[in-house]
Amino acid sequence: CAPEQIPQYWKTHDVITFLADTGMYDASLYGNLDRAEKERVLQFKSDYFKQRFVVSRSLLKNIIGHLQGTGNRSPCILFKKNKRILVPGTEDIFISLSYSGSTIALTLAKRKIGSDIETVHMVDLQKVRSSPLFDHARPRNKKEESLLSLHLWTVVEAYAKLRDLNPYPLLGRKPPLPGANFVSYCIDRRLILSLAYDTGNLDHAMFWIDPSHWPGIQKTHDQLNSPFPR
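Residues numbered from 1 in each chain as written. Predicted model: local features only at pLDDT ≥ 70, side-chain atom pairs only at ≥ 80, totals over all residues. Heavy atoms only, no water.

Colleague: Tell me about the overall build of the protein, and name the residues and values.
Modeller: Helix and strand counts for the protein stand at seven helices and nine strands. Relative to its 230 residues, the protein shows a buried fraction of 46%. In the protein, 62% of the contacts between residues at least 6 apart in sequence involve partners at least 24 apart. When the accessible surface of the protein is totalled, it reaches about 12,000 Å², and 51% of it is carbon and sulfur. (Helix = DSSP H or I, 4+ residues; strand = E, 2+ residues; numbered from the N terminus. Buried < 20%, exposed > 50% of the residue type's maximum accessible area, 1.4 Å probe, protein only. Contact = heavy atoms within 4.5 Å. Areas by Shrake-Rupley, 256 points an atom, 1.4 Å probe, with all protein chains shown as cover.)

Colleague: Any chance you could break down the sheet that holds strand 6 (residues 114–119) for me, citing the residues and the numbers?
Modeller: With respect to topology, three strands assemble into an open sheet ordered 6-8-7, the strand pairing being antiparallel. Edge positions in the open sheet fall to strand 6 and strand 7 (181–187), since each of these has one partner strand only. Pairs of neighbouring strands in the sheet enclose a mean axial angle of 15 degrees, with direction left out of account. Two elements, strand 7 and strand 8 (residues 191–197), share seven bridges in a ladder whose sense is antiparallel. Counted as the bridge partner of Asn 181 is Tyr 197 from strand 8. Against the sheet, helix 5 (residues 142–163) contacts strand 6, strand 7 and strand 8, and its axis sits at roughly 155 degrees relative to strand 6. (Pairing = 2+ DSSP bridges. Axes fitted to C-alpha atoms, helices over the stretch in contact; angles between N-to-C directions.)

Colleague: Give me the packing of aromatic side chains: which residues, what numbers.
Modeller: A full pass over the atoms with the stated rule returns seven aromatic pairs. Ring centres of Trp 153 and Tyr 168 lie 5.3 Å apart, and the angle between their planes is 40 degrees; this geometry places the pair in the tilted category. Here Tyr 168 lies in helix 6 (residues 167–170) and Trp 153 lies in helix 5, a separation of 15 residues in the sequence. Exposure remark for Tyr 168: the relative accessible area of 49% places this residue in the partly exposed category. Through a chain of ring-to-ring contacts, the aromatic side chains of Phe 44, Tyr 48, Phe 49 and Phe 53 assemble into a single cluster. (Phe/Tyr/Trp six-rings, centres within 6.5 Å; stacked < 30°, edge-to-face > 60°.)

Colleague: So what's going on with the nonpolar core? Which residues, and what values?
Modeller: In this structure, Phe 18, Leu 59, Leu 60, Ile 95, Leu 106 and Leu 108 are the most contacted members of the largest nonpolar core, which totals 31 residues. Taken together, the elements giving at least two residues each to this core come down to helix 1 (6–12), strand 1 (15–21), helix 3 (47–66), strand 4 (94–100), strand 5 (103–109) and strand 9 (204–208). Considering each element in turn, this core owes the most residues, seven residues, to helix 3. When neighbours within four sequence positions are excluded, Ile 95 is seen to be in contact with Leu 60, Ile 64, Arg 84, Ile 85, Val 87, Thr 107 and Leu 108. (Core = buried A, V, L, I, M, F, W, Y, C linked by side-chain atoms within 4.5 Å.)

Colleague: Help me get a handle on the sheet that holds strand 4, residues and values and all.
Modeller: Taken together, four strands build an open sheet; the order of strands is 4-5-1-9 and the sheet is mixed. Looking along the sheet, the strands with just one partner apiece sit at the ends: strand 4 and strand 9. If you compare each strand with its neighbour and ignore which way they point, the axes differ by 15 degrees on average. Relative to strand 9, strand 1 runs parallel, the two sharing five bridges. Considered in strand 9, the bridge of Leu 19 is made with Trp 208. In the packing of helix 3 onto the sheet, the strands contacted are strand 1, strand 4 and strand 5, and the crossing angle to strand 5 comes to about 30 degrees.

Colleague: How would you sum up unusual backbone geometry? Please name residues and give values.
Modeller: The omega torsion of the bond from Pro 175 to Pro 176 falls at 0 degrees, within 30 degrees of zero and hence cis. Phi is positive for Asp 188, which is not a glycine, with a value near 55 degrees. By the secondary structure assignment, Asp 188 is in the loop between strand 7 and strand 8. At Arg 189, a residue that is not glycine, the phi angle is positive and equals roughly 60 degrees. Here Arg 189 lies in the loop between strand 7 and strand 8.

Colleague: Before we move on, can you summarise the confidence of the model for the protein with the specific residues and values?
Modeller: Taken as a whole, the protein shows an average pLDDT of 87; of its residues, 88% reach a score of 70 or greater. Scored below 50 in pLDDT, residues 219–230 shows 22 contacts in the model against residues more than four places distant or in partner chains. (pLDDT = per-residue confidence, 0-100.)

What follows is the structure, given as C-alpha coordinates:
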(Lines give C-alpha, C1' and ligand atoms only; values in the text may rest on other atoms or scores of the structure.)
Protein backbone atom coordinates (compact mmCIF):
# COMPACT_ATOMS: atom_id res chain seq x y z
CA CYS A 1 0.00 0.00 0.00
CA ALA A 2 1.60 3.23 -1.18
CA PRO A 3 0.64 6.42 0.72
CA GLU A 4 -1.39 7.83 -2.14
CA GLN A 5 -3.63 4.73 -2.06
CA ILE A 6 -4.68 5.28 1.55
CA PRO A 7 -7.64 7.66 0.85
CA GLN A 8 -9.32 5.09 -1.40
CA TYR A 9 -8.83 2.22 1.04
CA TRP A 10 -10.11 4.40 3.88
CA LYS A 11 -13.19 5.20 1.83
CA THR A 12 -14.03 1.55 1.18
CA HIS A 13 -13.07 -0.10 4.50
CA ASP A 14 -14.07 0.32 8.14
CA VAL A 15 -10.68 -0.75 9.49
CA ILE A 16 -7.17 -0.80 8.05
CA THR A 17 -4.13 -2.45 9.64
CA PHE A 18 -0.64 -1.53 8.49
CA LEU A 19 2.19 -3.93 9.31
CA ALA A 20 5.67 -2.46 9.65
CA ASP A 21 9.06 -3.40 11.04
CA THR A 22 11.51 -1.69 13.38
CA GLY A 23 14.13 -2.37 10.72
CA MET A 24 12.61 0.59 8.86
CA TYR A 25 14.16 2.92 11.43
CA ASP A 26 16.22 5.80 10.14
CA ALA A 27 17.57 8.67 12.23
CA SER A 28 15.83 11.18 9.95
CA LEU A 29 12.43 9.95 11.21
CA TYR A 30 13.18 11.62 14.53
CA GLY A 31 12.40 14.93 12.82
CA ASN A 32 8.77 13.84 12.37
CA LEU A 33 8.18 13.90 16.12
CA ASP A 34 6.89 16.86 18.10
CA ARG A 35 8.65 18.14 21.19
CA ALA A 36 6.70 15.97 23.65
CA GLU A 37 7.39 12.86 21.59
CA LYS A 38 11.10 13.67 21.36
CA GLU A 39 11.20 14.02 25.13
CA ARG A 40 9.48 10.66 25.47
CA VAL A 41 12.10 9.00 23.24
CA LEU A 42 14.77 10.13 25.69
CA GLN A 43 12.98 8.26 28.46
CA PHE A 44 13.45 4.89 26.78
CA LYS A 45 16.58 3.09 27.94
CA SER A 46 17.04 0.66 25.03
CA ASP A 47 17.54 1.39 21.33
CA TYR A 48 14.81 -1.14 20.54
CA PHE A 49 12.10 0.82 22.33
CA LYS A 50 13.39 4.13 20.98
CA GLN A 51 13.35 2.88 17.38
CA ARG A 52 9.98 1.21 17.79
CA PHE A 53 8.45 4.44 19.07
CA VAL A 54 10.01 6.59 16.35
CA VAL A 55 8.97 4.26 13.51
CA SER A 56 5.42 3.74 14.79
CA ARG A 57 4.74 7.43 15.45
CA SER A 58 6.29 8.56 12.15
CA LEU A 59 4.26 6.07 10.15
CA LEU A 60 1.08 6.82 12.08
CA LYS A 61 1.38 10.54 11.38
CA ASN A 62 2.07 9.86 7.71
CA ILE A 63 -0.98 7.59 7.45
CA ILE A 64 -3.31 10.00 9.26
CA GLY A 65 -2.18 12.80 6.97
CA HIS A 66 -3.55 10.82 4.01
CA LEU A 67 -6.91 9.88 5.54
CA GLN A 68 -10.00 11.53 4.17
CA GLY A 69 -11.46 14.06 6.56
CA THR A 70 -8.19 15.02 8.24
CA GLY A 71 -7.43 17.75 5.74
CA ASN A 72 -3.96 16.30 5.14
CA ARG A 73 -2.74 18.33 8.08
CA SER A 74 1.00 18.52 8.57
CA PRO A 75 2.47 18.18 11.05
CA CYS A 76 -0.01 15.89 12.77
CA ILE A 77 -0.07 16.30 16.54
CA LEU A 78 -1.18 13.23 18.50
CA PHE A 79 -1.97 12.95 22.19
CA LYS A 80 -2.84 10.17 24.62
CA LYS A 81 -5.90 9.98 26.84
CA ASN A 82 -6.71 6.93 28.96
CA LYS A 83 -3.92 5.04 27.14
CA ARG A 84 -5.50 5.78 23.75
CA ILE A 85 -3.86 7.75 20.96
CA LEU A 86 -6.18 10.47 19.70
CA VAL A 87 -6.14 12.90 16.78
CA PRO A 88 -7.16 16.37 18.04
CA GLY A 89 -10.27 17.72 16.33
CA THR A 90 -11.12 14.33 14.82
CA GLU A 91 -13.65 12.11 16.58
CA ASP A 92 -14.10 9.42 13.94
CA ILE A 93 -10.57 7.99 13.78
CA PHE A 94 -9.78 5.28 16.32
CA ILE A 95 -6.26 3.92 16.71
CA SER A 96 -4.89 0.74 18.23
CA LEU A 97 -1.17 -0.09 18.21
CA SER A 98 0.46 -3.41 18.96
CA TYR A 99 4.02 -4.71 18.90
CA SER A 100 5.75 -8.07 18.96
CA GLY A 101 9.43 -8.56 18.32
CA SER A 102 10.37 -6.34 15.40
CA THR A 103 6.78 -6.18 14.06
CA ILE A 104 4.57 -3.13 14.47
CA ALA A 105 0.82 -3.29 13.81
CA LEU A 106 -0.98 0.03 13.35
CA THR A 107 -4.76 -0.35 13.20
CA LEU A 108 -6.95 2.62 12.27
CA ALA A 109 -10.73 2.41 12.31
CA LYS A 110 -13.91 4.42 11.93
CA ARG A 111 -15.16 2.98 15.22
CA LYS A 112 -13.56 1.91 18.46
CA ILE A 113 -11.26 -1.05 17.92
CA GLY A 114 -8.83 -3.22 19.85
CA SER A 115 -5.93 -5.09 18.31
CA ASP A 116 -3.04 -7.29 19.37
CA ILE A 117 -0.25 -9.02 17.49
CA GLU A 118 2.10 -11.78 18.66
CA THR A 119 5.04 -13.51 17.01
CA VAL A 120 4.50 -17.26 16.69
CA HIS A 121 7.02 -19.03 18.90
CA MET A 122 7.14 -21.84 21.44
CA VAL A 123 6.01 -20.46 24.77
CA ASP A 124 4.39 -21.79 27.93
CA LEU A 125 1.70 -19.26 28.86
CA GLN A 126 0.58 -20.89 32.10
CA LYS A 127 -1.81 -18.06 33.02
CA VAL A 128 -3.56 -18.49 29.67
CA ARG A 129 -3.66 -22.29 29.85
CA SER A 130 -5.23 -22.17 33.32
CA SER A 131 -7.89 -19.69 32.20
CA PRO A 132 -11.53 -20.85 31.86
CA LEU A 133 -11.34 -19.26 28.39
CA PHE A 134 -8.87 -22.00 27.43
CA ASP A 135 -11.04 -24.87 28.69
CA HIS A 136 -12.57 -25.59 25.28
CA ALA A 137 -9.13 -25.95 23.65
CA ARG A 138 -7.99 -29.46 22.81
CA PRO A 139 -4.34 -29.15 21.74
CA ARG A 140 -2.80 -32.34 20.38
CA ASN A 141 0.80 -31.46 21.26
CA LYS A 142 2.98 -28.78 22.86
CA LYS A 143 3.35 -26.85 19.61
CA GLU A 144 -0.41 -26.61 19.12
CA GLU A 145 -0.87 -25.73 22.80
CA SER A 146 1.59 -22.87 22.41
CA LEU A 147 -0.17 -21.63 19.26
CA LEU A 148 -3.63 -21.76 20.85
CA SER A 149 -2.34 -19.97 23.95
CA LEU A 150 -0.85 -17.18 21.85
CA HIS A 151 -4.05 -16.89 19.85
CA LEU A 152 -6.21 -16.66 22.97
CA TRP A 153 -3.88 -14.06 24.46
CA THR A 154 -4.20 -11.86 21.35
CA VAL A 155 -8.00 -12.10 21.66
CA VAL A 156 -7.89 -11.15 25.36
CA GLU A 157 -5.46 -8.26 24.71
CA ALA A 158 -7.57 -6.96 21.81
CA TYR A 159 -10.72 -7.10 23.96
CA ALA A 160 -8.97 -5.33 26.83
CA LYS A 161 -7.94 -2.51 24.48
CA LEU A 162 -11.48 -2.27 23.09
CA ARG A 163 -12.95 -1.93 26.58
CA ASP A 164 -10.02 -0.03 28.17
CA LEU A 165 -9.45 -2.82 30.68
CA ASN A 166 -6.51 -4.64 32.25
CA PRO A 167 -6.19 -7.93 30.31
CA TYR A 168 -5.06 -10.15 33.20
CA PRO A 169 -8.33 -10.15 35.22
CA LEU A 170 -10.12 -11.16 32.00
CA LEU A 171 -8.33 -14.51 32.10
CA GLY A 172 -10.45 -15.43 35.13
CA ARG A 173 -13.72 -15.03 33.22
CA LYS A 174 -15.79 -17.80 31.72
CA PRO A 175 -16.33 -17.62 27.95
CA PRO A 176 -17.47 -15.80 25.98
CA LEU A 177 -16.08 -12.33 26.51
CA PRO A 178 -19.27 -10.22 26.47
CA GLY A 179 -20.42 -7.66 23.95
CA ALA A 180 -17.76 -8.00 21.27
CA ASN A 181 -16.88 -9.78 18.06
CA PHE A 182 -13.44 -10.99 17.04
CA VAL A 183 -11.46 -11.78 13.92
CA SER A 184 -8.00 -13.35 13.91
CA TYR A 185 -5.34 -13.92 11.27
CA CYS A 186 -2.30 -16.15 11.07
CA ILE A 187 0.06 -14.12 8.87
CA ASP A 188 2.70 -16.05 6.92
CA ARG A 189 2.62 -18.63 9.74
CA ARG A 190 4.77 -16.20 11.73
CA LEU A 191 2.33 -13.75 13.32
CA ILE A 192 -1.09 -13.87 14.96
CA LEU A 193 -3.23 -10.72 14.77
CA SER A 194 -6.60 -10.39 16.49
CA LEU A 195 -9.12 -7.55 16.34
CA ALA A 196 -11.95 -6.94 18.79
CA TYR A 197 -14.92 -4.78 17.85
CA ASP A 198 -18.53 -4.13 18.73
CA THR A 199 -21.31 -6.06 17.07
CA GLY A 200 -21.85 -5.76 13.33
CA ASN A 201 -19.88 -6.53 10.22
CA LEU A 202 -16.21 -5.63 9.95
CA ASP A 203 -14.77 -4.55 6.59
CA HIS A 204 -11.04 -4.87 7.24
CA ALA A 205 -7.99 -4.54 5.00
CA MET A 206 -4.40 -5.33 5.95
CA PHE A 207 -1.17 -4.24 4.27
CA TRP A 208 2.56 -4.61 4.65
CA ILE A 209 4.31 -1.27 4.37
CA ASP A 210 6.90 -1.28 1.60
CA PRO A 211 9.55 1.26 2.67
CA SER A 212 10.45 2.05 -0.93
CA HIS A 213 7.05 3.74 -1.38
CA TRP A 214 7.15 5.76 1.84
CA PRO A 215 9.22 8.96 1.93
CA GLY A 216 11.71 9.03 4.78
CA ILE A 217 11.40 5.30 5.52
CA GLN A 218 14.58 3.47 4.63
CA LYS A 219 15.34 -0.22 4.35
CA THR A 220 18.09 -1.28 6.70
CA HIS A 221 20.10 -4.46 6.35
CA ASP A 222 17.72 -6.27 8.73
CA GLN A 223 14.68 -5.13 6.79
CA LEU A 224 16.11 -6.28 3.47
CA ASN A 225 16.61 -9.74 4.97
CA SER A 226 13.21 -9.93 6.64
CA PRO A 227 11.33 -13.20 5.94
CA PHE A 228 8.05 -11.36 5.42
CA PRO A 229 6.87 -10.38 1.94
CA ARG A 230 6.46 -6.67 1.27
